[in-house]
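# Analysis of the macromolecular model
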Amino acid sequence: MTDERLPDPSQWSCPAPTESSDTVQLAHGGGGRLTQKLIESVFVPALRNPALEVLHDGAILSLPPGRIAFSTDSYVIDPIFFPGGDIGSLAVHGTVNDLAMCGARPLHFSAAFILEEGLPLSDLRRIVASMGRAAAEAGVTVVTGDTKVVDRGKGDGIFINTAGIGIVPEGVEIAPTLARAGDLVLVNGEIAVHGIAIMSVRQGLQFETEMVSDAASLHELVAAALEVAGSHVHVLRDPTRGGVASALNEIATAAGVSIELEERSIPVNEAVQGACELLGFDPLYVANEGKCLAIVAPSHAQAVLDAWRRHPLGKDAAIIGQVREEPRGRLVLHTRIGARRIVDMLSGEQLPRIC
Amino acid sequence: MCLGVPGKVVAITRHEVGMQMGRVQFGGIHKEVCLSFLPDIQLGDYVIVHAGFAISQLDEAEAAITLEILRQMGDLAELTEADADAVPNTGSDAVR
Amino acid sequence: MRFVDEYRDGEAVRQAAAAIASVQTRPWTLMEICGGQTHSILKFGLDQLLPPALTLVHGPGCPVCVTPLELIDQAVDIAARKEVIFTSFGDMLRVPGSRQSLLQVKSEGGDVRIVYSPLDALKLAKENPGREVVFFAVGFETTAPANAMAVWRAHELGLRNFTILCSHVLVPPAIDAILGAPDCRIQGFLAAGHVCTVEGCEDYEPLATKYGVPIVVTGFEPVDLMAGILACVQALEKGSATVENAYKRSASRAGNPHARALVRRVFETCDRAWRGIGVIPRSGLKLRREFAALDATRRFDCGHIRTEEPTECIAGEILLGHRRPSECAAFGNKCTPDHPLGAPMVSAEGACAAYYAYRRSA
């Protein structure tokens, strides 16, 4: 008997799963034994909590009294690992922040994964472990989840959706429509860091300096602001895609007011400034993942600023602008040379330019 | 048409045939740049960089002169303005 | 940032504005030739600080805007091919061709990649011997040395899979065409500081003399622009028609001899069509015969390309400074950055895009 006459499973083209593999396979999403193994060996250890470990179709939770905030977001970032984080930690921070921007204390999450066949399991483990750490730091639990696998070529590695619930304390009213003339605009620190960090590792554009994303959970900063200023905090927003400019444009339109920024007051660090000059970017349009904008009544803005500056994520906090009546629905920049210009919404992404 | 950014030469690195590369610092970042068009460039010099190439060495003396000339012209213009619509003042600085 | 922040200093800009106001005795109309200057003026709001009697007209110094439609269509055709990695500066991605832009090709699966430098494209060619790497070599004289170096290196290395799609344009012939046109209202020019950094200022002397118009080499930061405008107004007030350099820290009369030499080694001048304007004689660069193997138009047969410009687009008149974007019937309604009809609405420094972004409420 020679080897040639024995069947060679590694040459089979049917999707019969081999016993062990170091990459994600279609069978991992099939709901059978391999799915079970994946959940028990990858997800549960990293995300461990009583509600999850019931491993039922859905989680049953008891919530404290108060209004429930509910938010969802999907994460498709490329590259999946970047300086300062990965798609896993981002999936936690992003949804924590969406809840925090409603004034809520984030509590419980769902996490749904769409994995591409061929994704190294070591990458998946790393991402889920990172999620676990981010969740633990933010004080949230991932109580339910789902995993699907798509054919090679149909997935870009990994997509994650997280949905979260939180409780909004009594008396807290946060909405973009509540900005009013006279309010001051605050930011907790240097802008444009995340977008430039991502750009700096992209082929064809890399820098020789490591730029670390600012991705972080902002619920403590929000809590600190609400503690000192309560209902005088009118609007909260985390300026992610589209940057500070897009977020403030949306708020100005929603509230029917104008927002004027003071260019000299906007914190931008030297590395980000250099990168933006080189690529021809305006930092106002570059994404952030650890920044919070607050629009606060003038009587309490200083108190919020002081509270933020006492927190590690707010040491560079600054008052960067003011809400006015006119021109309604518009964001205006008072430039460093003393002129004023409109800061419009961009129609698409900023692209690096040489002109 | 010409996004040319000033930076400081912090390293002169490899030399392939016909192509001298170096590292230039812009604000807080470093980037690899081709220095071939400035064969006499040295560490610490400032250059203008466009599309990954250094195209000129910044003349620091000339740079200072431009600012100084403007300053002088500006002061003169404001003095003239101030004279033209001068109101007897209490001795405070009339030229801002 | 050194050599940036001090040229954005509000006090210095204010002093320059005061100087201009004190020198100017009658209305003057100046053109700034370079899109980067247009962008800077509108981004910092400089025109708000200038005397109302000073009119700034924005010129065709936007290589994105003037790249012929046919070339965009060729780029789109080549970029869609499976074997091609199509590389380009980011500026070109959104420019509409007759049917598509490069960004649309990318979204449909074309391998279109943005690069910061042509050397990045060269690197891709070395790392991907099985693919054809094409670089969209667009620009004025400032970018020609970089593109020349990429071609030169590819030639020296014997790279078989690297070609360029060349659309280089030259400034002095454009100035000649603008000043030579009937009812030209331009009385003074701000020449492009980085073009002159590479090529020097000598080519502008015959133009200043021929048309009796002062030409001032000007930089890009607010202080530089004010300094250039001031020098131009002073020259006009004196009645002098000479070439002056207000960007001496970077540009010199002779330019950069090494860059100039390499450009002339690799390229030669040719007639070139400017989108919206038409053919300007000897206003373009093409590869010398020796480097024909690196010419993408020879490597790829694009067949007969039927170009189609939207009829409402008056880009040519805008680029020559005859009309303002706000005077175009399609501006702000049919033609916006979300659905641009022509190149000046797409380019970061195109007059139409700049007007839309910074001026819409005015």
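First, a word on scope: everything that follows refers to the structure included in this document.

Cut-offs and rules
- Residues numbered from 1 in each chain as written.
- Chains lettered and ligands numbered in written order.
- Predicted model: local features only at pLDDT ≥ 70, side-chain atom pairs only at ≥ 80, totals over all residues.
- Helix = DSSP H or I, 4+ residues; strand = E, 2+ residues; numbered from the N terminus.
- Rg over C-alpha atoms; globule rule 2.2 N^0.38 Å.
- Buried ≥ 20, exposed ≤ 12 C-beta atoms within 10 Å, placed from the backbone.
- Contact = placed C-beta atoms within 7 Å.
- Core = buried A, V, L, I, M, F, W, Y, C linked by C-beta atoms within 7 Å.
- Domains from an automatic or database assignment.
- Nonpolar A, V, L, I, M, F, W, Y, C, P; charged D, E, K, R; others polar.
- Pairing = 2+ DSSP bridges.
- Axes fitted to C-alpha atoms, helices over the stretch in contact; angles between N-to-C directions.
- Expected span 1.5 Å × (residues − 1).
- Bend = angle between axes of the 7 residues up to and from the residue.
- Parallel < 35°, antiparallel > 145°, perpendicular 65-115°, else oblique.
- Left-handed = near helix turned anticlockwise from the far one by under 90°.
- Right-handed = clockwise from strand over helix to strand, strands pointing away.

## Some words on the overall build of chain C
Scanning chain C from terminus to terminus reveals 15 helices and 11 strands. Computed over C-alpha atoms, the radius of gyration of chain C comes to 21 Å, within 12% of the 21 Å expected from 2.2 N^0.38 for 362 residues, which places it in the range of a compact globule. Here chain C holds 362 residues, and 60% of them are scored as buried. Considering only contacts in chain C between residues 6 or more positions apart, those separated by 24 or more positions represent 78%.

## Things to note about the overall build of chain B
Helix and strand counts for chain B come out as 1 helix and 5 strands. In sequence order, the secondary structure elements of chain B are arranged as β-β-β-β-β-α. Restricting to contacts in chain B with at least 6 residues of sequence separation, those with at least 24 account for 26%.

## Quick word on the nonpolar core
One recurring pattern in soluble globular proteins: nonpolar side chains tend to sit buried together. With 271 residues, the main nonpolar core has Leu186(A), Ala225(A), Val304(A), Ala54(B) and Ala16(C) as its most contacted residues. The greatest single-element share of this core, amounting to 11 residues, is contributed by helix H11 (residues 222-238) of chain C. Inspection of this core shows a minimum of three residues originating in each of domain 1 (21-168) and domain 2 (176-342) of chain A. Discounting chain neighbours no more than four positions away, the residues touching Val304(A) are Leu186(A), Ala225(A), Val228(A), Ala229(A), Val233(A), Ala294(A) and Val296(A).

## Quick look at the interface of chain C and chain B
Residue-level contacts link 45 residues of chain C with 36 residues of chain B. Where the side of chain C that touches chain B is concerned, the elements lending two or more residues are helix H1 (10-23), helix H2 (35-44), helix H6 (118-127), helix H7 (144-157), helix H9 (193-199), H11 and helix H12 (257-266) of chain C. Among the elements that take part in the side of chain C that touches chain B, H1(C) stands out by supplying 7 residues, more than any other. Of the residues assigned to the side of chain C that touches chain B, the class counts are 25 nonpolar, 14 polar and 6 charged.

## Observations concerning helix H8 (residues 171-180) of chain C
When we look at burial in H8(C), the residues that qualify are Val171(C), Pro172(C), Pro173(C), Ala174(C), Ile175(C) and Ile178(C). On its buried face, H8(C) sits against strand S7 (188-192), H9, helix H10 (205-211) and strand S11 (278-287) of chain C.

## Overview of the sheet that holds strand S9 (residues 243-245) of chain C
Hydrogen bonds along the backbone pair up the strands of a sheet, which may run parallel or antiparallel. All names here are of chain C. Spatial strand order, S2-S1-S7-S8-S9: 5 strands in an open sheet with parallel pairing. Of all the strands in the sheet, just strand S2 (54-58) and S9 have a single pairing partner and so form its edges. Recorded for the sheet is a direction-independent mean angle of 25° between the axes of neighbouring strands. The sheet contact formed by strand S1 (residues 28-32) and S2 spans 5 bridges and is parallel. In the strand pairing of S2, threonine 29 is matched with threonine 55. Strand contacts of H2: S1, S2, S7 and strand S8 (215-218), with the helix running at about 120° to S1, the strand carrying the most contacts.

## Regarding the interface of chain C and chain A
Contact residues are listed per partner, giving 38 residues for chain C and 23 residues for chain A. Listed by contribution, the elements that provide at least two residues to the side of chain C that touches chain A are H1, H2, helix H3 (63-66), strand S4 (112-114) and helix H15 (351-359) of chain C. Of all the elements, H2(C) adds the most residues to the side of chain C that touches chain A, at 5 residues. Classifying every residue of the side of chain C that touches chain A gives 20 nonpolar, 9 polar and 9 charged.

## Comments concerning helix H1 (residues 33-47) of chain A
All names here are of chain A. Helix length check: H1 (15 residues) gives 20 Å between terminal C-alpha atoms against 21 Å at 1.5 Å per residue, within 8%. Isoleucine 39 marks where H1 bends most, by close to 35°. Listed in full, the buried residues belonging to H1 are Leu38, Phe43, Ala46 and Leu47. Those residues of H1 that are buried lie in contact with helix H2 (50-53), helix H4 (121-138) and strand S5 (141-150).

## Topic: the packing of H1(A) against H4(A)
All names here are of chain A. Look at H1 against H4: their axes get within 8 Å of each other, and the N-to-C directions meet at 20°. For the element pair H1 / H4, the angle class is roughly parallel. Where H1 crosses over H4, the handedness of that crossing is right-handed. Contacts from Val42, Phe43, Ala46 and Leu47 in H1 reach Leu124, Arg125, Val128, Ala129, Met131, Gly132 and Ala135 in H4. Residue composition of the contact of H1 with H4, grouped by class: 9 nonpolar, 1 polar and 1 charged.

## Comments concerning the pairing of strand S6 (residues 162-169) of chain C
Residue and element names in this part refer to chain C. Counting buried positions along S6 gives 8 out of 8 residues, so the element sits mostly inside the fold. Residue alternation in S6 divides its side chains into two sets, Phe162, Ile164, Cys166 and His168 and Thr163, Leu165, Ser167 and Val169, and both sets are buried. When strand S5 (residues 132-139) meets S6, the two strands line up parallel, connected through 7 bridges. Residue pairing in the sheet places valine 134 in a bridge with threonine 163 of S6. Running through H7, the crossover from S5 to the neighbouring parallel element S6 is right-handed.

## A closer look at the sheet that holds strand S8 (residues 233-237) of chain A
Residue and element names in this part refer to chain A. Spatially, the 7 strands line up as an open sheet ordered S8-S10-S7-S11-S9-S12-S13, and their pairing is mixed. Both outer strands of the open sheet, S8 and strand S13 (340-342), are each paired with one neighbouring strand and no more. With direction set aside, neighbouring strand axes in the sheet form an average angle of 25°. Inspection of the sheet shows strand S9 (residues 258-262) paired to strand S12 (residues 331-334) by 4 bridges, in the parallel sense. Bridge pairing in S12 places glutamate 262 opposite histidine 334.

## A word on the environment of Val187(A)
Residue and element names in this part refer to chain A. Structurally, the position occupied by valine 187 is in strand S7 (residues 184-187). Taking the C-beta count within 10 Å as the criterion, valine 187 has 25 such neighbours and is therefore assigned buried. With 129 residues separating them in the primary sequence, valine 187 and aspartate 316 have C-alpha atoms 8.5 Å apart. Setting aside residues up to four positions removed in sequence, valine 187 forms contacts with Pro267, Lys291, Leu293, Ala317, Ala318 and Ile320.

## Focus on the environment of Leu119(A)
Structurally, Leu119(A) can be placed in the loop between strand S4 (105-116) and H4. C-alpha of Leu119(A) to C-alpha of Val296(A): the two residues are 177 residues apart in sequence and 45 Å apart in space.

## Some thoughts on the pairing of S8(C)
All names here are of chain C. Alternating positions in S8 separate into two faces, Ile215 and Val217 on one and Val216 and Thr218 on the other, with burial throughout. With 4 bridges joining them, S7 and S8 adopt parallel strand pairing. Its bridge partner lying in S8, leucine 190 is registered against valine 216. Judged from the 3 bridges that link them, S8 and S9 form a sheet pairing that is parallel. Paired with valine 217 across the bridge in S9 is asparagine 245. The handedness of the S8 to S9 crossover, carried by H11, is left-handed.

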